[in-house]
Structures are given as structure tokens and as C-alpha cells.
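# Examination of the molecular architecture
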Amino acid sequence: MGEHLAAAQERLDRAADLGGFDAEVVAHLKDPIETLSASVRIRRDDGSALSLKGWRCRYNSALGPTKGGIRFHPSVHLDEVETLAFLMTMKCALMGLPFGGGKGGVEVDAHDLSTMEKERVARGYVRAMAKILGPDRDVPAPDVATGEREMAWMVSEYSEIAGSIQPHAFTGKPVALGGMPGRTPATGRGAHIALEEMRGPAGLAEEGGLTIALQGFGNAGRWFADAAAKAGHRVVAVADSSGTVSDPDGLDIEALSEAKDEHGKVTAFDGGNATSSDDSRDVLSTECDVMVFAALGGVIADGEDAKALRCKAIVELANRPVLPAADQALADAGIEVVPDILANGGGVTISHAEWVQGRQGIDWADEDVSDYLEARMTDAAANVRDAMKQYDTDMRTAAYAVALRTLCAAISAHGTRADFGKA
């Protein structure tokens, strides 16, 4: 077991001990059921050959087909893929979806690929992993450096291999190819719903505007910022790889998005009373009500990183931005965390709707998609609030306990020692 997966399971063990779950049943969640490593070989535009490492993990299928994104990033490695698949297992259970957890990735810098090279990587990945993919087995979706276009290439390649059109084999596709309206903004909007639902338990004022700092301004971060601004909150600082831009009066999110699109960096924005720095970690010391992590994992790796924060609460819009080594320091500082398995559950929720739409062959109306997202997020948040009270614990541990109830019930239905040990 890799160190990242082992660290993530410390949180599982805390919830399992607190909830008194059967150790034999919990043991089923300690290791992935299947991980495939493969080489993805392509021909570059200049004629040279390129061999890339790729992985796909199906972590647990107790609740249904495994589900999870595919990322193209130079930091992708086996331990990360299995850890994220574990988190997806917990997330789907918490959100009440009939999915297990999966994840995949290719170790490559997507910015170093031409469009045609990226298509070759996407199709090559599907060919390498086809034996464990499928709408009833493992359903991928977009993640870091992949999006609608990559999913279109992948579902096309998979359909060729399967010998039939399989639109529900992947989610996050373009709407014209069976995608779901509202899937792109779902993760960010879902995180805003989670924040509103958890304001009280997070120690925030339950009414009125909040001040928010945002680390990461990709798809999820932008949609979160848009929803938060429209709800009357002030986004006072935003960071990306170029640095940090801030304005205590609140940034104009629409204008900031335009600057990012035009110049490729948030520090190009100069509206209002905004100031900027070339250090993206400056956002961490912003005095605010809520710090939202919307980039990659491991931003707050330990207690020293936690000490830099000047917020009252954290929203984990990204996967595992706060590592377990920082949990105690945040608790000591009174900083509550809306955990990733709740905060970013909107993406997989609408992916489920897209999967259902593909199986039904009937398009969902926009209002039905919005209502489904709202209902799933509010129900999951309510369950976490109830578990916090029941177990007198923090939000993350409560979220894991809720997920464990569902997973352990499904695993136990096949029988435990108590059943097989009877005379």
C-alpha cells in the first residue's frame, strides 16, 4: 500500500472506530479490487515515438460500477490513482449513488502535447484499459487536463472496440454527444450548495455574506466563485500558478474570468482596488471566513502549512488538498473542513444523471438537472450534520461515517463471520 493511500485510510479508521463498524467488513475497503498499469504509446507529430505510463484503478464495486475521472498530469502515479479511487468510493457512498470508486491517469504534461497528440494519448489510453472499462463495470469522466473533447475521443474509441455505440460508457461528454447540460458547472455549484448547507456546523454565520479566498481558478473554482458572488459573498482573493490577486472589497468574478481567458493568468486582472503578487501561496494567509482549495492535492501537507491560514473554515473543492498530517493542527486552530467527499460531490452526482440519461435514451431537462444536484447535495449535507451530532465529531469524520454505513451494509449483505460461523 502506498503512503498516500495509507494516510487517507487513517481517516477511514477514525470513522470506523467511532461508529463501531465491523472490522472484517471495513477490511474490504483497505485495498483496491483491481488496478491496471499499462504503457500508452503514441507517435508524436514530428514522427518520434513516445511511451507514457498509465493507470486505472477500480477500488470497490460494492454499490455498483466503479466511477471516476481520468487525469493527464506529470505528477500522476500509482499511489495517487489508488488514493483518489478510494476517495471516490467514499464520495459515491456519501452521495447515495449506485457507484463504486475508480480513478485513472496518464503521467504526461498535457501542455506539451499538440491537439492531435492529445487525441492519440486519449485513444491510446482507452485501448490500453478497455478490458476493465464499460458502462456496467467502470465509467470514466474528465479530471485534470481532460474535458468534454477528451471524453468524446474516448467514447468514440471505446465504441469502436465494443462494436456498438456506448454513450453511457463515459460521462462529461459534449451535450451534442449525449452529455448532460449542467455537468461542467456541477462540481463548483455543488460545492457552493455544500458550503451553504454546512455554514452552522462550520462555525460560520448562518445568514449574510461571507468573505472567501480561492486557491485555484480552473473550471471548478470559477463556477464556485460565480455561484458564491451571485449569492452575495465577497471573493477577496484568488490564486493560480501565476500568483495571487486580491481586493478586500471583493473581486469582479466575471471580469477576472475574462482576464484569465485572455491572458492565461489571474494576475493580469487589474480592476477595482485589486493588487497582485507573483506568489500563489500568498492566498493562504488571506484573512477571510472561508478558504476554498480548488487546485491539486497536498496544499496543506502538515501542521506548519496549517499555521499560515487565516480563515475560519475550509472547503475542499479539490481532492485531498488537506493531508491527514494537518488534521490535528486545524482542529486545534478551530478551523472546520467541509471535506472533499462532500464538497466536490456535485460532479459525480451529475455524472450519474448523465449515465442514467445515456441508458434511458431520454434527455433530461435543465431544471431537472439542477433539482437533482440540489437534492443530492442537501441530503448528503443533512446526513453529515446528523452524524456530527450523533458521534460528537468533526465534519470529515462524520462524512466518512455516513459513507461507511452505506458501504458496510452492502458488503455485509453478502455475509460476515457471524453468518458463516454458525453451527
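Residues numbered from 1 in each chain as written. Predicted model: local features only at pLDDT ≥ 70, side-chain atom pairs only at ≥ 80, totals over all residues. Heavy atoms only, no water.

## A closer look at the UniProt feature "binding site: NAD(+)" (unreviewed entry) in the protein
Residues annotated in UniProt with the feature "binding site: NAD(+)" (unreviewed entry) correspond here to Thr187 and Asn219. For this annotated set, covering 33 residues, all C-alpha atoms fall within 8.6 Å of each other, a compact arrangement in space. The buried category is assigned to Thr187, whose relative accessible area is 15%. Among residues more than four places away in sequence, those in contact with Thr187 are Ala220, Leu317, Ala343, Asn344, Gly346 and Gly347. Structurally, the position occupied by Asn219 is in helix α7 (residues 219-230). (UniProt positions renumbered as here; feature names shortened; annotations may be inferred. Buried < 20%, exposed > 50% of the residue type's maximum accessible area, 1.4 Å probe, protein only. Contact = heavy atoms within 4.5 Å. Helix = DSSP H or I, 4+ residues; strand = E, 2+ residues; numbered from the N terminus.)

## Side note on the sheet that holds strand β4 (residues 100-107)
Strand order in this open sheet of five strands is β1-β2-β4-β3-β5, and the pairing throughout is mixed. At either margin of the open sheet sits one strand with a lone partner, and together these are β1 (34-43) and β5 (138-142). Put simply, the sheet's adjacent strands are angled 25° from each other on average, direction ignored. Pairing of β1 with strand β2 (residues 49-60) involves 10 bridges; the strand directions are antiparallel. In the strand pairing of β2, Val40 is matched with Leu52. (Pairing = 2+ DSSP bridges. Axes fitted to C-alpha atoms, helices over the stretch in contact; angles between N-to-C directions.)

## Topic: helix α1 (residues 3-19)
Between its first and last C-alpha atoms α1 spans 25 Å; for 17 residues at 1.5 Å apiece the expected length is 24 Å, and the two agree. All buried positions along α1 are accounted for by Leu5, Ala8, Gln9, Arg11, Leu12, Ala15 and Ala16. Considering only its buried residues, α1 is in contact with α2 (23-26), β2, α3 (78-94), α10 (327-332) and α14 (395-412). Immediately beyond the C-terminal end of α1, within one or two residues, lies Gly20, with a positive phi of roughly 65°. (Expected span 1.5 Å × (residues − 1).)

## A short note on the domain arrangement of the protein
For the protein, the domain assignment lists domain 1 (28-169 + 394-422) and domain 2 (185-342). Centre-to-centre, using C-alpha coordinates, domain 1 lies 27 Å away from domain 2. Listed as interface residues are 16 residues of domain 1 and, on the opposing side, 16 residues of domain 2. Here domain 1 meets domain 2 over a buried area of about 1,300 Å², counting both sides, of which 66% is carbon and sulfur. Of all residues in domain 1, Lys91, Met395 and Arg396 give up the largest surface area on contact with domain 2, accounting jointly for 50% of the area buried on that side. At the boundary of domain 1 and domain 2, one finds two salt bridges. Here Glu316 makes a salt bridge to Arg396, at a shortest N to O gap of 2.9 Å. Where domain 1 touches domain 2, the interface holds two residue pairs in polar contact (both at pLDDT 80 or more). Residues that form the side of domain 1 that touches domain 2 fall into these classes: nine nonpolar, two polar and five charged. (Domains from an automatic or database assignment. Buried area = accessible area lost by both parts, 1.4 Å probe. Salt bridge = Lys/Arg side-chain N within 4 Å of Asp/Glu carboxyl O. Polar contact = N/O pair within 3.5 Å; in protein donor to acceptor, adjacent residues only side chain to side chain. Nonpolar A, V, L, I, M, F, W, Y, C, P; charged D, E, K, R; others polar.)

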